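Observations on the model geometry
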Amino acid sequence: MALRWLCTFSAALVWGCLAFSSSSSSHTAVAPPQDLRITDPGLLGSLDIEWKPPPNVQTFDECTVKYKVEYRNAGDRDWKVIFTRKLKFRVGFDLSRTAEVKVQTLLEGRCTDDVEVQSDGIYATFQVPLQGKPESEVQNFQCIYHDWEYLKCTWQPGLLAPHGMHYGLYYWYEGLDHAMQCDDYIQDHGINIGCTLQNLSQAEYKDLSICVNGSAAATLLRPLYVTLRLHNLAKPSPPKQLVVSMSASEELRAVWSPPGGETPPQCLEYEVQLAEAEGEAEAAWASVSTQMETALTISRANQSRISCVRVRGRTNIFCADRGFWSEWTQECFSVSRKEDKQLFILIPVILSLSSSLIIFMLIGQCKKRTSSQRQRKSPELSVAHVTLPYLLPFARLVVAIQVLN
């Protein structure tokens, strides 16, 4: 009897839990957003994404409603994700490829027992109608942000670009009301092959959208769309005032100054290389250090006569994901070997001793000649005859020293 009662109670308890769970989930179900739209405001890749809330959102007054937005360009492997409570936001895409967007409703709070509930997702795409053949798009497009002062972009005409075509560069970043056109083109035989943009400090650490479009009399040209980050394109000038000196302990000391321009000094790192030459044969450059400091002491492992130091800089990892190295600045320092130093010290000593010896010998010879004249009245000897036998060994010694040197 007790066993039957226990089984009946357990069955009723399980049925009640399932019923409560079913009732709870039915009350916390949430619908997806409505009317997802992607529109192009003409900002060269920054598209507006907007939607309407689910129809039953007003019933969840005890819960927080937000949205999970996923977006990417067709062909990208990963989706970028944004969580927001707004119903509209703007994000950059590569307009040469299809833009894809997914949006879900997220519900969490007392009405869901603080468990996050997700709706099904809605999906939308956007594609700019692309004119012209892909081969008519400009080639080898490259931009460099020189000294954090100006952006220089260059390109080459497309393979199918006809004669008489005209290229124009347009750009936009957050803060501009509309897309702007380049006003300082670089030309080759009357054709725009580049552009220099000034006063872009407000665009740093933002997406800079660029479009290079082309037009010709009878042919449609494919536009190029790119999105840049200026700090990842920075190239500083070479470091200034590189000075290389030798310490008392025979260590090379290299000191330099940051480059000019608007490059933040705290955003720079430097690569130092050393080459040591013996006679006319120069050794290969070897990296010694990559550092943020503007001074370095280098131990000299050998006794080569000439040491050359060169330094270049680029934006460090604290200010950019990547960047361009500057050109090298170089300075060479000539060092005498220990044997040479010892020889240079020995030369004055030898000369001094030799001079003293010659003087003493001349005095002795003069006394001897005077005594001989008095006794035998022999013909006089010239100074050359007296000193020449003694000067010849000295001359040979000087020649030998020069050869050693």
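Criteria and thresholds
Residues numbered from 1 in each chain as written. Predicted model: local features only at pLDDT ≥ 70, side-chain atom pairs only at ≥ 80, totals over all residues. Heavy atoms only, no water. Helix = DSSP H or I, 4+ residues; strand = E, 2+ residues; numbered from the N terminus. Buried < 20%, exposed > 50% of the residue type's maximum accessible area, 1.4 Å probe, protein only. Contact = heavy atoms within 4.5 Å. Areas by Shrake-Rupley, 256 points an atom, 1.4 Å probe, with all protein chains shown as cover. Core = buried A, V, L, I, M, F, W, Y, C linked by side-chain atoms within 4.5 Å. Pairing = 2+ DSSP bridges. pLDDT = per-residue confidence, 0-100. Salt bridge = Lys/Arg side-chain N within 4 Å of Asp/Glu carboxyl O. Disulfide = S-S within 2.5 Å. Patch = residues over 30% accessible without salt bridge, like charges linked within 9 Å, V, L, I, M, F, W, Y side chains within 5 Å. Polar contact = N/O pair within 3.5 Å; in protein donor to acceptor, adjacent residues only side chain to side chain. Axes fitted to C-alpha atoms, helices over the stretch in contact; angles between N-to-C directions.

Attention shifts here to the overall build of the protein. In terms of helices and strands, the protein carries three helices and 25 strands. Burial status across the protein gives 35% buried among its 405 residues. Relative to all contacts within the protein whose residues are 6 or more apart in sequence, the contacts with residues 24 or more apart total 63%. As presented, the protein carries roughly 24,500 Å² of accessible surface, and 54% of it is formed by carbon and sulfur atoms.

Moving on: the nonpolar core. Core analysis: the biggest nonpolar cluster contains 31 residues, and L36, I49, W51, F93, V101 and V103 have the highest contact counts within it. Looking at this core, the elements that each hand over two or more residues are β1 (34–39), β2 (46–52), β3 (63–73), β5 (88–92), β6 (99–109) and β8 (122–126). The contacts of I49, once residues within four sequence positions are left out, are L36, R37, L87, K88, F89, V91, F93 and V101. C143, A161, Y173 and L197 belong to the second-largest nonpolar core, a separate cluster that totals 27 residues.

Okay, the sheet that holds strand β10 (residues 150–156) next. Here we have five strands laid out as an open sheet, ordered β13-β14-β10-β9-β17, and mixed in their pairing. Single-partner strands in this sheet number two, and they are β13 (185–188) and β17 (234–235). The pairing of strand β9 (residues 139–146) with β10 spans six bridges and is classified as antiparallel. Bridging across to β10, Y145 finds its partner in L151.

Averaged over all residues, the pLDDT of the protein is 81; the fraction at 70 or higher stands at 74%. Low pLDDT (under 50) marks residues 337–344, which in the prediction has twelve contacts with non-local residues, meaning those over four places away or in another chain. This model gives residues 378–384 a pLDDT under 50, and the stretch forms seven contacts once residues within four places in sequence are excluded.

All right, on to the pattern of salt bridges then. For the structure on display, the rule yields eleven salt bridges. Measuring nitrogen to oxygen at the nearest pair gives 3.6 Å for the salt bridge that ties K52 to D35. Here D35 lies in strand β1 and K52 lies in strand β2, a separation of 17 residues in the sequence. Residue classification places K52 among the partly exposed positions, given a relative accessible area of 48%.

Joining two cysteines, a disulfide is a covalent bond between their sulfur atoms. The final tally for this structure, using the stated rule, is five disulfides. One disulfide bridge connects C267 with C319, the sulfur atoms lying 2.0 Å from each other. Taking the sign of the S-S torsion, -75° for the link of C267 and C319, the bridge is left-handed. Highlighted residues: C267 in the loop between β19 (251–257) and β20 (268–278) and C319 in the loop between β24 (306–315) and β25 (329–334), separated in sequence by 52 residues. This pair shows no difference in class: C267 is buried, exactly as C319 is. In the protein, the bonded cysteines, taken in the order they occur along the sequence, pair up as 1-2, 3-4, 5-6, 7-9, 8-10.

Judged by side-chain polarity, M292, I317 and F318 come together as a nonpolar surface patch covering roughly 380 Å² of accessible area. Tracing the chain through its elements places F318 in the loop between β24 and β25. The exposure class of F318 is exposed, given its relative accessible area of 64%.

With that settled, consider the pairing of strand β11 (residues 166–172). In terms of burial, β11 is largely enclosed, as five of its seven residues are buried. As judged from the seven bridges shared by β11 and strand β15 (residues 208–215), these two strands associate in the antiparallel manner. Its bridge partner lying in β15, Y171 is registered against I210. Here β11 pairs with strand β12 (residues 180–181) via two bridges, running antiparallel. Bridge assignment links Y170 to a residue of β12, and that residue is Q181.

Counting through the fold element by element, N73 comes out in strand β3. At 3.5 Å, the side chain of N73 forms a polar contact with the backbone oxygen of R97.

Another aspect to go through is the environment of P55. Position of P55 relative to the elements: it lies in the loop between β2 and β3. Note on P55: relative accessible area 62%, which makes it exposed. Between the C-alpha atoms of P55 and A31, which are 24 residues apart in sequence, the distance is 7.3 Å. For P55, the residues in contact, after removing those within four places along its chain, are A31 and Q34.

Judged by pairing direction, the sheet is antiparallel, and its three strands sit side by side in the order β1-β2-β5 without closing on themselves. The sheet is open, and its two borders are formed by β1 and β5, each paired with just one other strand. Neighbour to neighbour, the strand axes of the sheet diverge by 20° on average, direction disregarded. Direction of pairing for β1 relative to β2: antiparallel, over a ladder of four bridges. Bridge pairing in β2 links I38 to I49.

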